[in-house]
Amino acid sequence: MKIFDSRKTEYKSIVSAIATEEQVKLRIIVPRSMGCTAARLAVYKEGEETVFYGMFWAGMCGESNEFWELHFSATTPGLYFYHFELDTPWGKSFIKNVGNGCGDLNPDGAEFQQTVYDKDFKTPAFLKGGIIYQIFPDRFYNSQKKKRNVPESRVMRKWGEEPFWNESQMNGFWNNDYFGGDLKGIEEKLDYISELGISCIYLNPIFEANSNHRYDTADYEKIDPLLGSEADLKSLCKSAAEKGISIVLDGVFSHTGCDSKYFNMYGKYDSVGAYNSKESPYYNWYKFIDYPSEYHSWWGIKLLPEIIEENESYRAFICGENGVLRKWLRCGISGWRLDVADELPDVFLDDLRKAVKAENENAVIIGEVWEDATNKFAYGERRRYLLGKQLDSVMNYPFADAVLNFVRFGGAEGFFHSVMSVVENYPPCVLNVLMNHIGTHDTERAITRLAGDRPDGYSRDWQHEHNLLSEDNYIKGVSMMKMASLIQYTLPGVPSLYYGDEAGMQGMKDPFNRACFPWEDINEELHKWYKRLGEIRNGCAAFKDGMFVPVYSALNVIAYKRVSDNNQVLIAVNNSAETADVPVGTEWDNSYNLFDSVSKDGYIRLGPYAYTLLSK
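So, here is what we can say about the structure in this document. (Residues numbered from 1 in each chain as written. Predicted model: local features only at pLDDT ≥ 70, side-chain atom pairs only at ≥ 80, totals over all residues. Heavy atoms only, no water.)

1. Observations regarding helix H8 (residues 397-409)
End to end, H8 covers 17 Å across 13 residues, agreeing with the expected 18 Å (1.5 Å per residue, within 8%). Within H8, burial applies to Tyr397, Pro398, Phe399, Ala400, Ala402, Val403, Leu404, Phe406 and Val407. Buried residues in H8 make contact with helix H9 (412-425), strand S26 (435-437), helix H11 (446-451), helix H13 (471-490), strand S29 (557-563) and strand S30 (568-574). Near the N-terminus of H8, the side chain that reaches the backbone nitrogen of phenylalanine 399, with its oxygen 3.3 Å away, is that of asparagine 396. (Helix = DSSP H or I, 4+ residues; strand = E, 2+ residues; numbered from the N terminus. Expected span 1.5 Å × (residues − 1). Buried < 20%, exposed > 50% of the residue type's maximum accessible area, 1.4 Å probe, protein only. Contact = heavy atoms within 4.5 Å. Polar contact = N/O pair within 3.5 Å; in protein donor to acceptor, adjacent residues only side chain to side chain.)

Have a look at this one:
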């Protein structure tokens, strides 16, 4: 019997972050033979002194163990760390975290984390239980609508050709090849998107810029001319809303392009940019070292000069009453995904949230944070993204790694550890709207990561040579994608589908992962599978806010359930070459099965690489 387990309700009544003033019951089970005379909870809020709370003896646990308990609450949001201390005839003993949430008698163990968020913190309801579809706009669909004021320097390509990937192709201009995907094209394909069960579209940047990825913003107040117009965005939002689909835009606020109206290195714009004169209204936005040629840039990329987000003028421009954020919310969008959110200082994020919520209380703010966002260090301090005053959600890279690593390499224990770390540390209202992707514009395609060679450390030449899977590996990859997406769609949060993954698109990292959607060559097996997943997800209430409960883990076999008031769903996956009998309990014997395998006498028999989903 364990002394303590922060991931089980027998020991900790709330296995998640808690709200201010919310009580969580903590229980330890101590061997009677230790002769424990007193037990204490030792808690410190980061930056403050440790506080000790006496625990009370709560009776015997069997003949050889005893319960010690207390209720803990906090009045202020923040990150709290704790362990337990015991007084015994042999001196003081410490119960600390020895891994996977388990507490043991080890003075060298780690502290347990307890996140405390503002009790008034609410996240947007429209995302819960839904599905996100991420689109890289230039490569999704070209409506063939005539565009105005498109720079002549842009290289227009034939749909379906391989994106330029080496310097000789680009003629000195990186990311200057375009395929003409546009906002009207997305609007024309809303029926296709809707059939996948999608409730929200996340668009990579659409503002005027001078690259195909558009992370080098040139004008925050204009749509890129190749994508369309402001009227086109309004039309897309309106048409999407009629199908129950919301639109979220990408906000790139940590840097601009050097070729922008604000910096204006090449003098393309009528404005006086920071590069042109120290008298420019934008001069104080940037971090010059030796004016004008030396300046701080994002990751040292001179094309992307860094912004001083603390600058009052810049914050007013983005977050003001008539600023960028509110301008586009008034056009009908439903929120923002923030590029490199961990590089945005607190003062900027605070202002951003106030502006977004003042315009639309139900608009969402999703941050790009690659690690556990509850204990992230950046700007030399612990960040407070998810305590109630900044972000609503983050891109859930820990879940992505957990799913992809389990499907490719196996390891049930590692999978549950990764998932439960997030479940334990995040506020429930955040957990239910996490952006759960398994592939994005920044990573290799999911099918490639599952069944192909890893590109890390290799050149673009190597990636080009290994960009396409062999026929056998592609067939294997399709099967692996089905298993990965089933897990992705059933974990807490909102699954995010990167455009074309449902069509079987493959590819290494940028630019190979940003190819044109293959409208004439969709993998029908995967496409039907994703439509079915959308139907399942939209038909089960437990996926909206149901509690995540691990049921079974052994080697490469996992089972877990999602539990809500009116619905329970159980997912079991056998990622091995051997048949597995998975113990799930007789309560699942008469449940409805959405795939082949059922529960009989409390066990589900799964064949090699098989899975099932039961609902009741």
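From this point, the narrative continues.
2. Remarks on the pattern of salt bridges
This model, assessed by the stated rule, comprises 50 salt bridges. Close ionic contact of arginine 27 with glutamate 69 constitutes a salt bridge, the shortest N to O distance being 2.7 Å. Taken together, the residues arginine 27 in strand S3 (residues 24-31) and glutamate 69 in strand S7 (residues 65-72) connect sequence positions 42 residues apart. Of the residues examined, arginine 27 reaches a relative accessible area of 21% and is grouped as partly exposed. The partner of arginine 157 in a salt bridge is aspartate 177, and the shortest N-O contact between them spans 3.0 Å. Within this pair, whereas arginine 157 is found in the loop between strand S13 (155-156) and helix H1 (167-170), its partner aspartate 177 is found in strand S14 (residues 177-178), the two being separated by 20 residues in sequence. Among the residues examined, arginine 157 registers a relative accessible area of 15% and is labelled buried. Judged by relative accessible area, which is 3%, aspartate 177 ranks as buried. Because the salt bridges share partners, they merge into one network encompassing Arg40, Glu85, Asp87 and Lys92. (Salt bridge = Lys/Arg side-chain N within 4 Å of Asp/Glu carboxyl O.)

3. Focus: the layout of surface pockets
One number sums up the size of the largest pocket: a volume of about 1200 Å³. Looking at the largest pocket, it is lined by 34 residues, and the ones nearest its centre are Asn175, His213, Trp298, Ile301 and Leu304. Its residues assigned to classes, the lining of the largest pocket comprises 13 nonpolar, nine polar and twelve charged. When its volume is computed, the second largest pocket comes out at roughly 800 Å³. Arg7, Met420, Phe548, Val549 and Pro550 are the residues nearest the centre of the second largest pocket, which is lined by 31 residues in total. Elements that contribute at least two residues to the lining of the second largest pocket include exactly H9, helix H10 (428-431) and strand S28 (547-554). (1 Å grid on protein atoms, 1.4 Å probe; cavity = no way out; pocket = protein on both sides within 12 Å on 5 of 7 lines; lining within 4 Å. Points joined across faces, edges and corners; volume = space filled by probe spheres on them. Nonpolar A, V, L, I, M, F, W, Y, C, P; charged D, E, K, R; others polar.)

4. Re the environment of arginine 460
With respect to the element layout, arginine 460 can be found in helix H12 (residues 460-465). Excluding its chain neighbours within four sequence positions, the residues that come into contact with arginine 460 are Trp165, Met170, Trp174, Asp510, Pro511 and Phe512. A distance of 3.2 Å separates the side chain of arginine 460 from the backbone oxygen of tryptophan 165, its partner in a polar contact.

5. Some details on the sheet that holds S29
Spatially, the five strands line up as an open sheet ordered S28-S29-S30-S35-S32, and their pairing is antiparallel. Edge strands, defined here as strands with exactly one partner in the open sheet, are S28 and strand S32 (592-593). (Pairing = 2+ DSSP bridges.)

6. Let's talk about the nonpolar core
Counting residues in each nonpolar core, the largest one holds 131 residues, and the members touching the most others are Tyr133, Ile193, Phe253, Trp336, Phe415 and Ile487. Top element by residues in this core is H13. It accounts for nine residues. The residues touching phenylalanine 253, leaving out its near neighbours within four places in the chain, are Tyr220, Ile307, Glu309, Tyr314, Ile318, Val324, Leu325, Trp336, Leu338, Leu344, Phe348 and Leu352. Within the second largest apolar cluster, 29 residues are counted, among which are Ile14, Ile29, Val30 and Met55. (Core = buried A, V, L, I, M, F, W, Y, C linked by side-chain atoms within 4.5 Å.)

7. Some points on empty space enclosed by the protein
Inspection of every chain in the model, using the stated rule, returns three cavities of 30 Å³ or more. For the largest cavity, the full set of lining residues is Lys12, Val24, Leu26, Leu41, Val43, Phe72, Tyr80, Tyr82 and Gln114. If you list the elements that add at least two residues to the lining of the largest cavity, you get S3, strand S4 (38-45) and strand S8 (78-88). Looking at side-chain class alone, the lining of the largest cavity contains seven nonpolar, one polar and one charged residues.

8. What about the sheet that holds S7?
Pairing in this open sheet of three strands is antiparallel, and the strands run S3-S7-S6 from one edge to the other. Unpaired on one side and paired on the other, S3 and strand S6 (56-61) mark the two borders of the sheet. Strand-to-strand twist in this sheet, taken as the mean axis angle between neighbours without regard to direction, amounts to 30°. (Axes fitted to C-alpha atoms, helices over the stretch in contact; angles between N-to-C directions.)

9. With respect to unusual backbone geometry
The omega torsion of the bond from tyrosine 291 to proline 292 falls at -5°, within 30 degrees of zero and hence cis. For proline 292, the position within the fold is in the loop between strand S19 (288-290) and strand S20 (294-295). Following aspartate 510, the chain continues to proline 511 via a peptide bond in cis, the omega torsion being 5°. In this structure, proline 511 sits in the loop between strand S27 (494-498) and helix H14 (524-539). Look at asparagine 264: it is not a glycine, yet its phi comes out positive at around 60°. Summarising the element assignment, asparagine 264 is placed in the loop between strand S18 (246-251) and S19. A relative accessible area of 1% places asparagine 264 in the buried class.

10. Let's talk about the pairing of S29
With six of seven residues buried, S29 is to be regarded as a mostly interior element. Alignment of S28 against S29, held across seven bridges, turns out to be antiparallel. Along S29, the bridge assignment pairs phenylalanine 548 with arginine 562. Two successive antiparallel strands, S28 and S29, enclose a turn made up of two residues, where leucine 555 displays a positive phi of approximately 50°. Here S29 pairs with S30 via seven bridges, running antiparallel. Paired with valine 563 across the two strands is glutamine 568, which belongs to S30. Where S29 folds back onto S30 in an antiparallel hairpin, the turn is made up of four residues.

11. What to know about the pairing of strand S31 (residues 580-583)
Along any regular strand, the residues point their side chains to alternate faces of the sheet. The alternating pattern of S31 places Ala580 and Val582 on a buried face and Asp581 and Pro583 on a face that is not buried. Two strands pair when backbone bridges link them, and S31 and strand S34 (residues 603-606) are joined in this way by four bridges, in the antiparallel orientation. Bridging from a neighbouring strand, aspartate 581 pairs with arginine 605 of S34.

12. Some details on the side chain of glutamate 187
Mapping glutamate 187 onto the fold places it in helix H2 (residues 183-188). On the basis of relative accessible area, glutamate 187 is assigned to the buried category, the value being 17%. Side chain to side chain, glutamate 187 and serine 235 meet in a polar contact 3.0 Å long. Apart from residues no more than four positions distant in its own chain, glutamate 187 is found in contact with Asp232, Ser235, Leu236 and Ser239.

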